[in-house]
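# Architecture and fold: a report
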Amino acid sequence: MIELNNVNTKSFHNYSFNGRFDKVNLFFGQNSSGKTALSGWISALDSDHSRVFDTAYVEREVRNTETMRGSKIIVGKEQIDSVDKIAHCQKIISSLESDTSASAELKSAKSALAKIMSDEIATAKRNFQSNAIHQKANAQSNPIRALEQWKDEIHHYKDVKSKFSSFEDIDQAIRQMIVERGYLVPILQEYDQTKRKKFIDAMNTPVLEPESSVASNVAEWLSCGLILHNFQDGEEPELTTCLFCGNEIDPEEVKILYFR
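Remember, it's a predicted structure, so these values are computed and weren't measured experimentally.

To continue, consider the overall build of the protein. When you go through the protein residue by residue, the secondary structure sums to eight helices and six strands. Moving toward the C terminus, one meets the helices and strands of the protein in the order β-β-α-α-β-β-α-α-α-α-α-β-β-α. Classification of the 260 residues of the protein by burial places 12% in the buried group. The contacts in the protein between residues at least 6 apart in sequence include a share of 28% that link residues at least 24 apart.

Moving on: unusual backbone geometry. With phi around 50°, Gln 129 is a residue other than glycine that occupies positive phi space. Phi is positive for Asn 138, close to 60°, though the residue is something other than glycine. Along the chain, Asn 138 turns up in the loop between helix H3 (77-128) and helix H4 (143-156).

A word on the pairing of strand E4 (residues 70-75). When a strand is regular, its side chains alternate between the sheet's two faces. Two strands pair when backbone bridges link them, and strand E3 (residues 62-67) and E4 are joined in this way by six bridges, in the antiparallel orientation. The residue of E4 that forms the bridge with Thr 65 is Lys 72.

It is worth spelling out the layout of surface pockets at this point. Computed from the structure, the largest pocket encloses a volume of approximately 680 Å³. Here the lining of the largest pocket is built from residues that sort into nine nonpolar, six polar and six charged.

All right, on to helix H6 (residues 193-204) then. An ideal rise of 1.5 Å per residue puts 16 Å on twelve residues; H6 measures up with 16 Å between its terminal C-alpha atoms. The buried count for H6 comes to zero of twelve residues, which makes it a mostly uncovered element.

In this section: H4. Counted at 1.5 Å a residue, the expected span for H4 with its 14 residues is 20 Å, and the 20 Å between its end C-alpha atoms agrees. Residues of H4 that are buried include every one of Pro 143, Ala 146 and Trp 150, and no others. Here the buried residues of H4 occupy an arc of 60° about the axis, which is enough to place them on one side. Within H4, the exposed residues directed more than 90 degrees away from the buried face are His 155 and His 156.

Right, let's get into the confidence of the model for the protein. Per-residue pLDDT for the protein has a mean of 76; in total, 77% of the residues score no lower than 70. Across the protein, H4 holds the top mean pLDDT of 82, while helix H7 (residues 213-229) sits lowest at 65.

In this structure the tally under the stated criterion is five salt bridges. Asp 119 is paired through a salt bridge with Lys 115; the nearest N and O atoms lie 3.0 Å apart. Placement of the pair is Asp 119 and Lys 115 together in helix H3, with a separation of four residues, close to one helical turn. For Asp 119, a relative accessible area of 38% corresponds to the partly exposed category. Between Asp 171 and Arg 175 there is a salt bridge, with the nearest N and O atoms lying 2.1 Å from each other. Here Asp 171 and its partner Arg 175 are both found in helix H5 (residues 167-190), four residues apart, which amounts to about one turn of the helix.

Looking now at the nonpolar core. The tendency in soluble globular proteins is for nonpolar side chains to be buried side by side. Membership of the largest hydrophobic core is limited to seven residues, which are Leu 4, Val 7, Phe 12, Phe 21, Ala 37, Leu 38 and Ile 42. No other element matches helix H1 (residues 35-45), which puts three residues into this core.

The next thing to look at is the pairing of strand E1 (residues 4-9). When E1 meets strand E2 (residues 12-17), the two strands line up antiparallel, connected through three bridges. Bridge pairing in E2 links Thr 9 to Phe 12. Turn length for the E1-E2 hairpin, with the two strands adjacent in sequence and antiparallel, is two residues, and the turn residue Lys 10 shows positive phi of about 55°.

Here the focus is the environment of Ser 11. Inspection of the secondary structure assignment puts Ser 11 in the loop between E1 and E2. Separated by 27 residues in sequence, Ser 11 and Leu 38 have C-alpha atoms that sit 9.2 Å apart.

The final tally for this structure, using the stated rule, is one aromatic pair. Look at Phe 12 and Tyr 15: their rings are 5.3 Å apart centre to centre, the planes differ by 55°, and that puts the pair in the tilted class. Looking at Tyr 15, the relative accessible area reads 31%, which means it is partly exposed. One Lys or Arg, Lys 136, reaches over the ring of Trp 150 and ends 4.4 Å from the middle of that ring.

Rules behind the numbers
Residues numbered from 1 in each chain as written. Predicted model: local features only at pLDDT ≥ 70, side-chain atom pairs only at ≥ 80, totals over all residues. Heavy atoms only, no water. Helix = DSSP H or I, 4+ residues; strand = E, 2+ residues; numbered from the N terminus. Buried < 20%, exposed > 50% of the residue type's maximum accessible area, 1.4 Å probe, protein only. Contact = heavy atoms within 4.5 Å. Pairing = 2+ DSSP bridges. 1 Å grid on protein atoms, 1.4 Å probe; cavity = no way out; pocket = protein on both sides within 12 Å on 5 of 7 lines; lining within 4 Å. Points joined across faces, edges and corners; volume = space filled by probe spheres on them. Nonpolar A, V, L, I, M, F, W, Y, C, P; charged D, E, K, R; others polar. Expected span 1.5 Å × (residues − 1). Arc of directions from axis to C-beta. pLDDT = per-residue confidence, 0-100. Salt bridge = Lys/Arg side-chain N within 4 Å of Asp/Glu carboxyl O. Core = buried A, V, L, I, M, F, W, Y, C linked by side-chain atoms within 4.5 Å. Phe/Tyr/Trp six-rings, centres within 6.5 Å; stacked < 30°, edge-to-face > 60°. Lys NZ or Arg CZ within 6 Å of the ring centre and 35° of its normal.

Here is the structure:
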């Protein structure tokens, strides 16, 4: 038998009740009137044999789930915990299935990439009639890395320009070069090798660029000399050799040009 004597909890101070409690008892009243506090105090007296059916109990022991077929009510904390565990396991399974699907798609994409590269290499071997073109290492297991290696190799030779797409193109270009070389043979045979050597030596001789006003004046003087050194007159016997360039010039004409 439960008796309420000197209840001291929350809003109750030495509260006592001499009435009789049945097996099932209902407390009702306004909000904040002490229903939850009193029922909790009574439950604490004999927690093994008492149950408090309040909002917390409903949230803990009853779950209402809306489905396409209507409402689904689950009663009991153990049942709710079991449903939560099942939902958690289903979430994990769904995540694993998603990862497996993504893994399968990635594997398929890698396989397709490896096949594209293999087909291109086979085409290149066929077009250039050569077996010296080899796929990168581990291209089947890691085709992305192999593709990056091919791209790096292309960038390494980016300055090399080629219009050839097959062995026939190269062979035709070689035949054309042989024909053009045949045109040059008569010209090269008459070419003076001594002049060629002098020309190469002259082209290899460093030429200093003017870096001061004096050098600029010297360059201007040399420019004036270019006007004079080509002057020749076959009708004048006074022609002599220019010490600047070795050409024959008329000294009198030089004086006129110089002092004008």
